[in-house]
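Remarks on the overall topology
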Protein chains: 2
Amino acid sequence: MSLGYNLASLEELINQFQRMPGIGIKSAQRMAFYVLSMEEEEAKKFAEAILSAHTKIHQCKTCYNLTENEYCVICRNEARNKEIICVVEDPRDVAAIERTHEFDGTYHVLHGAISPMSGIGPDQLTIKELLNRTEGIKEVIMATNPTVEGEATAMYVSRLLKPLGIKVTRLAYGVPVGADLEYADEVTLTRAMEGRTEI
Amino acid sequence: MSLGYNLASLEELINQFQRMPGIGIKSAQRMAFYVLSMEEEEAKKFAEAILSAHTKIHQCKTCYNLTENEYCVICRNEARNKEIICVVEDPRDVAAIERTHEFDGTYHVLHGAISPMSGIGPDQLTIKELLNRTEGIKEVIMATNPTVEGEATAMYVSRLLKPLGIKVTRLAYGVPVGADLEYADEVTLTRAMEGRTEI
């Protein structure tokens, strides 16, 4: 569709932004115009940031978290407890858990969840790689998303790990702290009730 | 604020996206991760699109619309009626009017509206440049936004043009086509009533 600008370079830039997740045509136009309003130096820095991040960042050889080195900053940290692995779907989940400052083990990033609907099977994830690093592991915490896919993935992985004598746990379900009980859905409330603890 | 990624290049890219208008930290992260998931070639094309649009696009010497040439495609078009100028705030407004295919005159882009609150006076806009191109002009259509600032700008410009014997008009106010009358605000409804036409 022509946007009526008659400017190939502008329409190309709008197209590029529009391909981003969650960005519609209006946002894409606003962002493209913002780029045009930038100083020359700023635009260069923006383009450089894209290339630089894309070139420098790849997956850690142990846990498949993102890193600019061969191994990620968590795997390289001697102080981290290498006997506990927290399994997550996405590098963003690693960052979310790191922000709690409560976990001192290591991670394993699956880069997705099993989803037959989207054609994602166990082989598309780093499950084999997880099984290859189980030596000396005492506990694996499944921290996949609380969705159907995340649950299925957690079940699948735990069935592979348990025969190896590894303790497999998962994050507690319950009501989110600070939220209003009134707005919690039935399943969450049921899980919170089931998982109640003595005070 | 650290996002917990421990990756300078990723955090820089997220920062760059977050500076865009209407983009919060969550969207910025999603976009940065999308860039990481791109193919090498795609990332290069994206960075190139930013530099290319930024380098190639500048303002038309006559109407201050955006162009990749010295004069914009509308000013260069011999078929356009050079005796009518439609004054808009933004190049996006030119594109919006062009999409109607109903206007065959030329434009003048003010690049903003008078807004004392934001410290934008007449001198920051291309009003002087508009006055310099009034020779042979029969009508100026004020198509600034229907906001306080847009209205004030339209009034200001029309007071400068009328003494020169130029007919100054403005876009009709009224109910938007396809909208529900019930949801129209009082001011719009009043204007639509005042501007009613015989059928």
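If you're wondering where the values come from, they're calculated on a predicted model, not measured in any experiment.

Attention now moves to the packing of helix 3 (residues 40-56) of chain A against helix 3 (residues 40-56) of chain B. In contact at an axis separation of 9 Å, helix 3 of chain A and helix 3 of chain B are set at 180 degrees when each is read in the N-to-C sense. If you check the angle between helix 3 of chain A and helix 3 of chain B, you find them roughly antiparallel. Touching A:Glu40, A:Ala43, A:Lys44, A:Phe46, A:Ala47, A:Ile50, A:Leu51 and A:His54 of helix 3 of chain A are B:Glu40, B:Ala43, B:Lys44, B:Phe46, B:Ala47, B:Ile50, B:Leu51 and B:His54, all from helix 3 of chain B. Residues of the contact of helix 3 of chain A with helix 3 of chain B, tallied by class, amount to ten nonpolar, two polar and four charged.

On to the interface of chain A and chain B, then. Each partner contributes to the interface: chain A provides 52 residues, whereas chain B provides 52 residues. Of the roughly 4,800 Å² buried where chain A meets chain B, counting both sides, 70% is carbon and sulfur surface. On the surface where chain A and chain B come into contact, there are two salt bridges. Taking the shortest distance from any N to any O, the salt bridge between A:Glu42 and B:Arg19 comes out at 2.5 Å. The tally of links between chain A and chain B comes to six residue pairs in polar contact (both at pLDDT 80 or more). When residues of the side of chain A that touches chain B are traced back to their parent elements, those giving at least two are helix 1 (8-18), helix 2 (25-37), helix 3, strand 2 (66-67) and helix 4 (91-98) of chain A. Ranked by the residues each element gives to the side of chain A that touches chain B, the list is headed by helix 3 of chain A, at 14 residues.

Reading the values: the criteria
- Residues numbered from 1 in each chain as written.
- Chains lettered and ligands numbered in written order.
- Predicted model: local features only at pLDDT ≥ 70, side-chain atom pairs only at ≥ 80, totals over all residues.
- Heavy atoms only, no water.
- Axes fitted to C-alpha atoms, helices over the stretch in contact; angles between N-to-C directions.
- Helix = DSSP H or I, 4+ residues; strand = E, 2+ residues; numbered from the N terminus.
- Parallel < 35°, antiparallel > 145°, perpendicular 65-115°, else oblique.
- Contact = heavy atoms within 4.5 Å.
- Nonpolar A, V, L, I, M, F, W, Y, C, P; charged D, E, K, R; others polar.
- Buried area = accessible area lost by both parts, 1.4 Å probe.
- Salt bridge = Lys/Arg side-chain N within 4 Å of Asp/Glu carboxyl O.
- Polar contact = N/O pair within 3.5 Å; in protein donor to acceptor, adjacent residues only side chain to side chain.

No statement about biological role is implied by the geometric values presented.
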